[in-house]
Every structure is written in C-alpha cells, then in structure tokens.
Amino acid sequence: MKRADYISWDEYFMGVSMLSGMRSKDPNTQVGACIVSDKNKILSMGYNGFPNGCSDEDFPWEREGDELDTKYPFVTHSELNAILNYRGGSLEGTKLYVSLFPCNECAKAIIQAGIKTVIYRDNKYDGTPSNLAAKRLFDAAGVKYYEYKPTQREIRMKL
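Residues numbered from 1 in each chain as written. Predicted model: local features only at pLDDT ≥ 70, side-chain atom pairs only at ≥ 80, totals over all residues. Heavy atoms only, no water.

J.: Is there a simple way to think about the pairing of strand β3 (residues 95–100) in this case?
T.: The side chains of a regular strand alternate, first on one face of the sheet and then on the other. In terms of burial, β3 is largely enclosed, as five of its six residues are buried. Bridge analysis of strand β1 (residues 32–36) against β3 gives four bridges, and the strand direction is antiparallel. Among the inter-strand pairings, cysteine 34 is bridged to a residue of β3, identified as tyrosine 97. Sheet topology places β3 next to strand β4 (residues 117–122); five bridges connect them, and they run parallel. Across the sheet, residue tyrosine 97 finds its bridge partner in β4, namely isoleucine 119. In terms of handedness, the path from β3 via helix α3 (residues 104–113) over to β4 forms a crossover that is right-handed. (Buried < 20%, exposed > 50% of the residue type's maximum accessible area, 1.4 Å probe, protein only. Helix = DSSP H or I, 4+ residues; strand = E, 2+ residues; numbered from the N terminus. Pairing = 2+ DSSP bridges. Right-handed = clockwise from strand over helix to strand, strands pointing away.)

Right, dumping it as structure tokens:
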C-alpha cells in the first residue's frame, strides 16, 4: 500500500520557492520563485539578489535613505531571476510559484514570458499602487493568480 501522507504539488512547489528564497542575502525580505511546466516539472528557480557579477559587498541592502543608497535600484526580484535563469526556450503556459505577490514590474515580465498562472504565498503589499497595477495587468492579460493556502504541515530536514 502506498503512503498517504505525501505532499501535494502545491506544497512541493511552494516549498521549493520558499527554500530558494533562503538563498537571498537580503536581511529584510527573502523571496523565492519556482516556474513549473503543465506536466509538473520544475523549469527554473530564482531568488531576490543582485545581478551576476555585482558583489553583495559593494551594493547597499538598506531600505531607506537616498535612492542610490538603498537596495531598490539594484536588486533583481526572484520572479525575474527565475525567468532569466531559464534556458530551455518558451515559458508559454507555465505556472509560477512565488513566496511574495509580484510587483508591477515583475508582472510585466511574467506576462511577456507567457506564464499563465501565479500562485503566491504572501501578499503583504496588498492595496499598494504596485500591487494594484500588477493585478490590473494580470487581469488584462488573462493571467490567473491565487493565494497558496498553507496546510500547516511541518516538514523537517537535516542537511
């Protein structure tokens, strides 16, 4: 008889995105993303951080101050990193699991890449202009989005 307590696809892929976010060196917000095919195959992953070749020792991690003294103009979001990390061709019709609802800039990249569904874990910026713009873009482009409902299952691993 097979095991009955295996994790669902949503638990699996959201877990992968959250684990990916743990690679981020951002001291405040760690976001991970996982792009999945319609056959439930992982195609790409990403997390928020500086672009390749830009040392995280040379750029700021601050959230406040003059714009060029903050992380915002320099950090690449997890969703964009996952899209750019993919080397297999088209992402048309895929799903994106992400630990934080995408901003409007990532929404544009998601739409342009052909991703059709976004499953997000947290929407802490709900109602902000960027969040409202992202939803408006998704709605206009026919990208479905829904909140992942945590199962409260605890998963332990020794590494």
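J.: In this structure, what is going on with the sheet that holds strand β5 (residues 144–147)? I would like to understand it.
T.: Strands belonging to one sheet form pairs held by backbone hydrogen bonds; the direction of such a pair is parallel or antiparallel. With mixed pairing, the five strands of this open sheet are ordered in space as β2-β1-β3-β4-β5. One side of each edge strand has no neighbouring strand; the edge strands of this open sheet are β2 (42–47) and β5. If you compare each strand with its neighbour and ignore which way they point, the axes differ by 15 degrees on average. Here β1 pairs with β2 via five bridges, running antiparallel. Directly across from isoleucine 35, in β2, lies its bridge partner serine 44. Each of β1, β2 and β3 is contacted by helix α2 (residues 78–85), which is oriented at about 135 degrees to β2, the strand it contacts most. (Axes fitted to C-alpha atoms, helices over the stretch in contact; angles between N-to-C directions. Contact = heavy atoms within 4.5 Å.)

J.: Teacher, can you tell me more about the nonpolar core here?
T.: In a soluble, globular protein the nonpolar side chains are often hidden away together inside. Counting residues in each nonpolar core, the largest one holds 21 residues, and the members touching the most others are Ile83, Leu96 and Ile115. For this core, the elements supplying multiple residues, two or more each, are β1, α2, β3, α3, β4 and α4 (129–141). Broken down by element, this core gets its largest block of residues, four residues, from α3. Apart from residues no more than four positions distant in its own chain, leucine 96 is found in contact with Ala33, Cys34, Ile35, Glu79, Ile110, Ile115, Thr117, Val118 and Ile119. (Core = buried A, V, L, I, M, F, W, Y, C linked by side-chain atoms within 4.5 Å.)

J.: Can you walk me through the packing of α3 against α4 in this structure?
T.: Helix-helix packing is characterised by the crossing angle of the two axes and by the distance between the axes. In the contact formed by α3 and α4, the axes pass within 8 Å of each other and the chain directions differ by 20 degrees. As summarised for this structure, α3 and α4 are arranged roughly parallel, according to the angle between their axes. Crossing geometry of α3 relative to α4 is assigned as right-handed. Of α4, the residues touching α3 (which contributes Asn104, Ala107, Lys108, Ile110 and Ile111) are Ser130, Ala133, Ala134, Leu137, Phe138 and Ala141. (Parallel < 35°, antiparallel > 145°, perpendicular 65-115°, else oblique. Left-handed = near helix turned anticlockwise from the far one by under 90°.)

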